Structure formats: C-alpha cells, structure tokens
Amino acid sequence: MAGNSEHLETKLIHAGEPDPRIGGAVSIPIFQSAMFEYGGEASYHEIKYIRLNNTPNHTALHRKLASLENAEAALVTSSGMAAISTALLTLLQSGDHFLAQSCLYGGTYDLVTRDLGLYGISFDFIDGADPGSWTAQLKPNTKAIYVETMANPLMDVPDLKGVIEFARRHGLVTLVDNTFASPVNFRPAEWGFDLSLHSCTKYLNGHSDIVAGAVIGKADLVERITHKLNLLGGTLDPHACFLLHRGIKTLALRVRHQNDCALALATFLAEHPAVRMVNYPGLESHPAHAIAQTMFDGCSGMLSFELHGGVAAAERFMSNVQLPIVAPSLGGIETLVTRPATTSHSGLTPEERQRAGISEELIRVSVGIEHPQDLIADFTQALA
Ligand code: PLP
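No experiment lies behind these values; they were computed from the predicted model shown.

1. Structural notes on the site of the ligand
Move 1: Lining the immediate surroundings of the ligand are 14 residues, of which Met81, Asp177, Ser199, Thr201 and Lys202 lie closest.
Move 2: Between the ligand and Gly80 there is a distance of 2.9 Å, counted from an oxygen atom to a backbone nitrogen or oxygen.
Move 3: Between an oxygen atom of the ligand and a side-chain N or O atom of Lys202, the distance comes to 2.9 Å.
Move 4: Protein contacts shield 90% of the accessible area of the ligand, which totals 390 Å² for the unbound molecule.

The structure is reproduced here in structure tokens:
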C-alpha cells in the first residue's frame, strides 16, 4: 500500500485504489450500474447512484485526485466546464461579486461575462500580474477571486502568491483553473488555494478520448459543490471514469516528457530567423519566467508563437507541418497546432483579441509525446 507515498509517480499508480482490491482486480472494473442496493444510508446524497458521483469508480478517482494535489478532497465532473460552472454557482449567490483574471479560457469567459449576470452575480476583471491594482476593484460584496495557472494562449501566469495573500487579507475564496499546469507542475493546495479546477479532458486523461472535469481542494467546499453537482446533474459516466483513471496513471511520464519537449521546441523557435516571438514561461524572455521558476516544477507542453509574415505565413506553416494535427484542445499525447483567432478565441471581437494581445497570426502548440528531434525536424521543414 503506497497510497501515502510522497512521490507523485507512486501516488498516480497506488493512491485511492480500492483496498482490498475488488475481486482481486488489478485495474478497477467499470461499475456500469445506475443504482446500488440500499445499505442503510441516512441521506439523499449518500444513496449510491451514478448521478450522485459516488460509485466505486467515482470514489477511487476522488481519493486519487485529492492525493495528487495534496488536497483534502476532490470531485469528478462531466466536463471542465461542469467543474467551473458548478463551483462558481455554489460559491456565489445573487448579489455577490467576484474578481476574475482578464485573460480566461473562452468558455469560462462567456460564462462570466454573459451568463452569471443572469443569476445576479457580478464581476470585475483584474490584471493578474498587477496585485497593486486589485484593491480598487474590491466591493463590500466581493466573495471570491478566480485565476488560471497559465492562461491560454499567451501562457500568462498571474501573481499566484499575490492572489493568496490578497484573498487572505480580504476574506475571499480562491479558485484556480490548474488545467494547463496539471498536478505534475503545480499543486494549488500546497500554496494555499481553496479550490483547483481542471478540465481532465486535457493532461489528466491525456489521450484525447473523453471529456471530464475535476474540483480539488478544501473538504467543506468540495462537499458543497458535490451537493450542487448532484442537483445540476453534471456527473461523470462510469466508463469515462474508468478511462480517466487509466489515463491518469501515466500523467507524470507524459507531462515531464511534454515539459522537456516544449522547452526544446520553444528554444529552437526563439532562435529561428522566421520567428518573431515565442510565449513559453520556461524561456527567460517570458514575463512570468521568475514565477514559473519558483512555483512550478515545469512549464507544460503549451506554447505559442508568431512568425514574420503575418497570417499568410502562419497558414503556410500550419499546412506544411506533417506531424502535428491541426485541431483545437490540448494536453493529449499527439502534438496539436491551432490559430487561436480562428478557434479558441474566435468568439472575441478583433478589438477584444487585440486588447488581450492575441494577434491574428498567433499559432498555439500543444506538444504531445513524440520525440523532440522529430518535432524540431518537422518544424524546420515547415518553416523553410
Ligand atoms: N479550462 C481550460 C483552461 C480549458 O482549456 C478548457 C477547455 O479547453 C476548459 C477549462 C473546459 O474544459 P472542457 O472542455 O473539459 O469542458
């Protein structure tokens, strides 16, 4: 039983596994049963039922995910957006206000700017890198602060220590979308965050074959979010639980390789004469390099860059590369390239994109687990 081992690699395999093993099964079986026999449960939330997120497939994942981030508790959800929306709708009520980092994942941006207002929840955007400017945006009804560890597509990193200190001073709940970093590179609970949110669709599952999410953090908050999820219905199906459980076991091997490979690719691109600029926190040139060095164990497989020659050069590059697949999403084993202006950030107006620093020609790369030399060779021919 190595569930309490300090090393992430060991926890990925052993933490949270059923003890004793179910029927001796080395790999947890899929419990494809909507309901379970009544066992004397006292409350509605304890009855075993797939929508209540408490089958053996769910509970094993909850224990494993909490252990990976050294947090008290965890909950899996039907998607990353289910994790984000259910967490925000649990913590905030009509009349509440919260602060959010201005550069957010597109789905979260839409939820915050278009939908939460319908429930009487207001927000202000903050500049994540400038804690000195946050106090002016506080209101008597401000309840929470929401940031992303690394923000798409420029790999912006907010002042994460600043977020914790500010929230402690003003009694705010802290939420961080830790999807891009994954528990391999950043564990929010260790730094004092109340809640870490994930699209497990990305690194945690890692194989581009399911959509799933997770909320990890303080036990009392996770319990409240679980009750809300039970009513909103964003449960993860047991088969998807099984695939996520299987994918997670290789997380450290995949992400460490992706960290190394992305750094090699970013370094290559930064030195290439056809490249105008590269965004990767692992490079000294990135504004958040110092934060990444002190707080992260790696900078993920995500990077973005611009070529001299604008959109035409970007399109030429994307049609010339052979190994990467031109597709949205990220964090899987295959390298993907996209142009955020036409995919993840196409919902923003050109002016909004310009304000966010996202140029029309920006190319985003999600580095997979191919050999870095093969990727660099392919990028070299595509840039030629
Ligand atoms: N958070 C981040 C940072 C994302 O990139 C995404 C999806 O791309 C999400 C959340 C939403 O996740 P899902 O698609 O699993 O709902």
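2. Quick word on the packing of helix H10 (residues 251-271) against helix H14 (residues 372-383)
Any two packed helices are characterised by how steeply their axes cross, that is the angle between the axes, and by the distance between the axes.
Move 1: Their axes nearest at 10 Å, the elements H10 and H14 cross at an angle of 30°. Judged by the angle between their axes, H10 and H14 are roughly parallel. When you trace H10 past H14, the crossing you get is right-handed. The residues of H14 that touch H10, namely those facing His257, Cys261, Ala264, Leu265, Phe268 and Leu269, are Pro372, Leu375, Ile376, Phe379, Thr380 and Leu383.
Move 2: Of the residues that constitute the contact of H10 with H14, the class distribution is 10 nonpolar, 2 polar and no charged.

3. Observations concerning the sheet that holds strand E8 (residues 275-279)
Within a beta sheet, neighbouring strands are joined by backbone hydrogen bonds and run either parallel or antiparallel to one another.
Move 1: The sheet built from 5 strands is open, its strands ordered E8-E9-E12-E11-E10 with mixed pairing. Edge strands, defined here as strands with exactly one partner in the open sheet, are E8 and strand E10 (325-326).
Move 2: As paired strands, strand E9 (residues 302-307) and strand E12 (residues 363-366) are joined by 4 bridges and run antiparallel to one another. Residue Leu303 lies in a different strand from E12, and its bridge partner there is Val365.
Move 3: Contacting E8, E9 and E12, H10 crosses the sheet at an angle of about 15° to E9.
Move 4: Strands E9, E10, strand E11 (336-338) and E12 of the sheet are contacted by helix H12 (residues 310-320), whose axis makes an angle of about 125° with E9.

Rules used throughout
- Residues numbered from 1 in each chain as written.
- Predicted model: local features only at pLDDT ≥ 70, side-chain atom pairs only at ≥ 80, totals over all residues.
- Heavy atoms only, no water.
- Near = heavy atom within 4 Å.
- Polar contact = N/O pair within 3.5 Å; in protein donor to acceptor, adjacent residues only side chain to side chain.
- Areas by Shrake-Rupley, 256 points an atom, 1.4 Å probe, with all protein chains shown as cover.
- Axes fitted to C-alpha atoms, helices over the stretch in contact; angles between N-to-C directions.
- Helix = DSSP H or I, 4+ residues; strand = E, 2+ residues; numbered from the N terminus.
- Parallel < 35°, antiparallel > 145°, perpendicular 65-115°, else oblique.
- Left-handed = near helix turned anticlockwise from the far one by under 90°.
- Contact = heavy atoms within 4.5 Å.
- Nonpolar A, V, L, I, M, F, W, Y, C, P; charged D, E, K, R; others polar.
- Pairing = 2+ DSSP bridges.

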